[in-house]
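Understanding the architecture of this molecule
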Amino acid sequence: MKRTEQFQQLLHSKETFILPGAFDAMTARIVEETGFKSVYATGAGIANAQLGWADVGLTTLSEIAQVVSWMSDVTTIPIVVDADTGFGNAINMQRTVKILEKAGAAAIQIEDQVMPKKCGHFNGKEVISKDEMVGKIKAALDARVDDQLAIIARTDALGVISFDEAIERANAYKEAGAHAIFVEAPVTMEQLQRITKEVPDIPHIINLVEGGKTPLVSRTEAQHLGFQIMLCANTALRGAIKGASEALRILHQDESHERVHDVICSWEQRQQLFKLQEIQQLELLYSEK
């Protein structure tokens with residue numbers, strides 16, 4: 001089954017699913033091997049990990065596409081790609097969809113922020129007009145080669161204009177043909193309840209950012225609220241930051257590996273993750289007899 005079809009099945013299943021973020025091929029592989037059914041190519045995570053900068057719209061389409069291509073090469077589960085604003089207007093959006101589809105995207109998330117965008121949980125965001133975003137959604141849908149490729153529409157209007165404006169835009173984006181709706185950064189449980197009720201008959205995403213604006217809920221609670229996707233975009237990234245920082249702190253402090261072993265994976269775990277045995281078997285298969 002194609003990955004686009006796999007994702008459509010997840011999108012329309014009865015069970016809410018957790019969508020963890022990955023910022024490179026390694027973390028995408030870990031997401032799959034941990035047992036998750038889909039992986040999110042996080043724009044914030046890629047900006048943080050690959051560029052070393054905050055999520056303020058510095059990444060380019062080619063940089064995102066390269067990371068997605070690497071992820072696709074080492075996984076079999078659907079990849080949902082954070083495509084930010086589509087990197088421009090409706091025509092840019094079409095090019096973005098074509099390139100990310102070729103790179104291996106099963107779903108592409110686009111948003112109505114002004115370019116360059118900012119993290120949805122940052123202050124100081126701006127949004128384009130509702131009509132311009134509707135045009136970009138239609139352009140994205142028309143650009144697909146595979147009609148199973150999902151287009152996810154995100155609105156940041158809640159934090160910029162009002163909750164009511166976000167609901168109005170979400171309904172307009174649904175009518176434009178989006179396959180799922182993502183109202184970013186609701187701040188209360190009441191808002192979470194209203195989103196799924198006031199934008200009915202379409203899958204919804206809840207974005208849970210540790211320390212962010214939205215109340216954290218469990219998968220069961222997210223399902224009860226009516227959200228199909230529980231997005232945890234940067235849990236792996238922040239775990240990696242803490243783990244690397246702790247290992248290096250110990251090494252710097254002790255000038256010895258004695259205590260480092262307690263906070264790093266084993267040699268065997270590392271080689272297993274990166275398929276050393278499979279590579280060695282291929283080397284034997286293709287070596288001269």
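Here we summarise the structure given alongside this text.

Reading the values: the criteria
Residues numbered from 1 in each chain as written. Predicted model: local features only at pLDDT ≥ 70, side-chain atom pairs only at ≥ 80, totals over all residues. Heavy atoms only, no water. Pairing = 2+ DSSP bridges. Helix = DSSP H or I, 4+ residues; strand = E, 2+ residues; numbered from the N terminus. Axes fitted to C-alpha atoms, helices over the stretch in contact; angles between N-to-C directions. Contact = heavy atoms within 4.5 Å. Salt bridge = Lys/Arg side-chain N within 4 Å of Asp/Glu carboxyl O. Buried < 20%, exposed > 50% of the residue type's maximum accessible area, 1.4 Å probe, protein only. Right-handed = clockwise from strand over helix to strand, strands pointing away. Expected span 1.5 Å × (residues − 1). Arc of directions from axis to C-beta. Polar contact = N/O pair within 3.5 Å; in protein donor to acceptor, adjacent residues only side chain to side chain. Parallel < 35°, antiparallel > 145°, perpendicular 65-115°, else oblique. Left-handed = near helix turned anticlockwise from the far one by under 90°. Nonpolar A, V, L, I, M, F, W, Y, C, P; charged D, E, K, R; others polar.

A separate point is the sheet that holds strand 5 (residues 150-155). Ordered in space as 6-5-4-3-2-1-8-7, the eight strands form an open sheet in which the pairing is parallel. Each having just a single partner strand, strand 6 (180-183) and strand 7 (205-207) make up the two edges of the open sheet. Pairs of neighbouring strands in the sheet enclose a mean axial angle of 25°, with direction left out of account. Sheet topology places strand 1 (residues 17-22) next to strand 2 (residues 39-41); two bridges connect them, and they run parallel. Counterpart to A22 in the pairing with strand 2 is A41. The strands touched by helix 4 (residues 61-74) within the sheet are strand 1, strand 2 and strand 3 (79-82), with strand 3 carrying the most contacts at an inclination of about 170°.

Evaluation of the coordinates by the stated rule reveals 17 salt bridges. A salt bridge links E111 to K117, with the shortest nitrogen-to-oxygen separation between them at 3.0 Å. E111 gets classed as buried once you look at its relative accessible area, which sits at 0%. Close ionic contact of R194 with D164 constitutes a salt bridge, the shortest N to O distance being 3.5 Å. Here R194, found in helix 9 (residues 189-198), pairs with D164, found in helix 8 (residues 163-175); they are 30 residues apart in sequence, far enough to count as distant. Salt bridges here are not isolated pairs; linked through shared partners, they connect D84, E111, K117, K125, R154, D156 and E184.

So, on to the pairing of strand 4 (residues 107-111). In terms of burial, strand 4 is a largely internal element, five of the five residues being buried. Burial along strand 4 is two-sided: A107, Q109 and E111 and I108 and I110, pointing in opposite directions, are all buried. Bridge count for strand 3 against strand 4 is three bridges, and the pairing is parallel. Bridge assignment links V80 to a residue of strand 4, and that residue is A107. Handedness of the crossover joining strand 3 and strand 4 through helix 5 (residues 90-103): right-handed. For strand 4 and strand 5, the ladder comprises five bridges, and the chain directions are parallel. Pairing of E111 across the sheet is with R154, part of strand 5. This β-α-β element, strand 4 to helix 6 (residues 130-143) to strand 5, shows right-handed connectivity.

Here we take up helix 5. One turn of an α-helix holds 3.6 residues; hence residues three or four places apart share an orientation. Helix length check: helix 5 (14 residues) gives 20 Å between terminal C-alpha atoms against 20 Å at 1.5 Å per residue, within 8%. Buried within helix 5 are the following residues: M93, T96, V97, L100, E101 and A103. On an axial view of helix 5, the arc spanned by its buried residues comes to 150°, and they lie on one face. Of the exposed residues in helix 5, the ones pointing more than 90 degrees away from its buried face are I91, R95 and K102. Taken together, the buried residues of helix 5 touch helix 4, strand 3, strand 4 and helix 6. Looking at where helix 5 begins, the residue whose side-chain oxygen comes 2.9 Å from the main-chain nitrogen of I91 is N89. Backbone geometry just after helix 5 places G104 at a positive phi near 125°.

Moving on, we get to the environment of Q269. As for its placement among the helices and strands, Q269 is situated in helix 12 (residues 267-273). One polar contact links the side chain of Q269 to the main-chain amide nitrogen of S266, over a distance of 2.7 Å.

Turning next to the packing of helix 4 against helix 5. When two helices pack together, their arrangement is given by the angle between the helix axes and by the axis-to-axis distance. Viewed as axis vectors pointing N to C, helix 4 and helix 5 meet at an angle of 25°, and their least axial separation amounts to 8 Å. Taken together, the axes of helix 4 and helix 5 lie roughly parallel to each other. Helix-helix and strand crossings are classified by hand; for helix 4 and helix 5 the assignment is right-handed. Facing L61, I64, A65, V68, S69 and S72 of helix 4, the residues of helix 5 in contact are R95, T96, I99, L100 and A103. For the contact of helix 4 with helix 5, the class distribution of residues is seven nonpolar, three polar and one charged.

None of this, on its own, says anything about what the molecule does.
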